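Secondary and tertiary structure notes
Single-letter residue listing:
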Amino acid sequence: MSHRVGSAWLPRPPSAAAAGRVFCIPYAGCGAGLFRSWPHRQGGVEFLPVELPGRETRLGEPVMDTFPELAKAMIEALEPYLDVPFAFFGHCWSAMPAYEVTAALQARGGPMPARLFVSSQVAPQDGPTGRMLTMDEAAMAEELSATIRDLGGVPHPELVSLYVEVLRADIEMIRRYVVPEPPRLSCPITAIGWTEDEEVSPSQMSGWSACGDTTFEVFRGPHRRFITAPPELLATLRDGLGTR
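Residues numbered from 1 in each chain as written. Predicted model: local features only at pLDDT ≥ 70, side-chain atom pairs only at ≥ 80, totals over all residues. Heavy atoms only, no water.

Moving on, we get to the pattern of salt bridges. Tallied over the entire structure, the rule returns 16 salt bridges. Residue Arg238 pairs with Asp239 through a salt bridge whose shortest N-O separation is 3.5 Å. The partly exposed category is assigned to Asp239, whose relative accessible area is 35%. A single salt-bridge network, built from bridges that share partners, covers Arg131, Glu143, Asp150, Glu199 and Arg224. (Salt bridge = Lys/Arg side-chain N within 4 Å of Asp/Glu carboxyl O. Buried < 20%, exposed > 50% of the residue type's maximum accessible area, 1.4 Å probe, protein only.)

Set out below in structure tokens:
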């Protein structure tokens with residue numbers, strides 16, 4: 001039995017039999033296909049990629065201007081599926097909408113995630129930072145091509161060129177995202193770093209402690225290893241819901 005999906009935000013219908021749900025938000029310039037290697041479910045917990053406006057099946061829609069605007073729209077779409085223990089997972093750029101949607105749920109007194117998972121990103125008050133902010137068009141194209149190759153695909157120049165525009169808009173969104181005093185979340189946070197990450201080192205993520213009660217994990221591998229669905233990452237996400 002599946003829930004009825006009333007929007008394009010979830011390419012895969014959530015299962016009404018799920019014990020828990022992890023909503024996986026793709027990072028800058030990418031769509032839900034970023035999680036194509038991930039299992040649909042493990043131990044009763046389903047991993048649900050979120051499709052953001054302006055990419056893949058929603059390519060014709062405008063990209064949103066701010067993370068709070070994105071968070072508000074995401075809540076409206078996902079609210080029917082927050083009826084079991086749930087969490088948000090965001091890596092790099094997408095850690096920001098994952099945090100903002102959690103903060104927005106808290107502000108409106110809605111159901112709260114069992115846990116927020118953020119990977120390879122500094123806390124809101126410590127950004128914006130990173131090499132994305134200084135990328136020119138050629139660097140953006142190479143970044144997208146590298147992600148496509150990591151997913152087992154072959155970069156096509158026309159498609160890469162199309163997604164450069166999405167990536168540019170996403171970079172502008174994070175450039176405008178300045179939060180000197182982020183709201184402290186009532187739900188726990190797990191901040192995940194990677195041993196070979198050249199984008200954000202685990203030590204740069206300490207600021208998440210100001211955003212809520214934070215547990216820090218460090219997994220082996222480079223910045224994009226999460227794409228391959230590492231077993232230790234999936235186990236952390238699954239167990240963090242406390243559904244067992």
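Within the structure shown, the criterion is met by 3 cavities of 30 Å³ or more. Each pocket or cavity is described by its volume, and for the largest cavity that value is around 200 Å³. Lining the largest cavity are 20 residues, and of these Cys92, Met132, Glu143, Glu199 and His223 sit closest to its centre. Put simply, the parts of the chain that give the lining of the largest cavity at least two residues each are helix 3 (137–150) and helix 4 (157–175). The element best represented in the lining of the largest cavity is helix 3, accounting for 3 residues. When the residues that make up the lining of the largest cavity are grouped by side-chain class, the tally is 11 nonpolar, 6 polar and 3 charged. In this structure, the second largest cavity spans a volume of roughly 50 Å³. Around the second largest cavity sit Met96, Gln121, Val122, Ala123, Pro124, Gly127, Pro128, Ile174 and Tyr177, which together line it. Residues belonging to the lining of the second largest cavity are distributed by class as follows: 7 nonpolar, 2 polar and no charged. (1 Å grid on protein atoms, 1.4 Å probe; cavity = no way out; pocket = protein on both sides within 12 Å on 5 of 7 lines; lining within 4 Å. Points joined across faces, edges and corners; volume = space filled by probe spheres on them. Helix = DSSP H or I, 4+ residues; strand = E, 2+ residues; numbered from the N terminus. Nonpolar A, V, L, I, M, F, W, Y, C, P; charged D, E, K, R; others polar.)

With 97% of its residues at a pLDDT of 70 or more, the chain has an overall mean of 93. This model gives residues 1–5 a pLDDT under 50, and the stretch forms 20 contacts once residues within four places in sequence are excluded. (pLDDT = per-residue confidence, 0-100. Contact = heavy atoms within 4.5 Å.)

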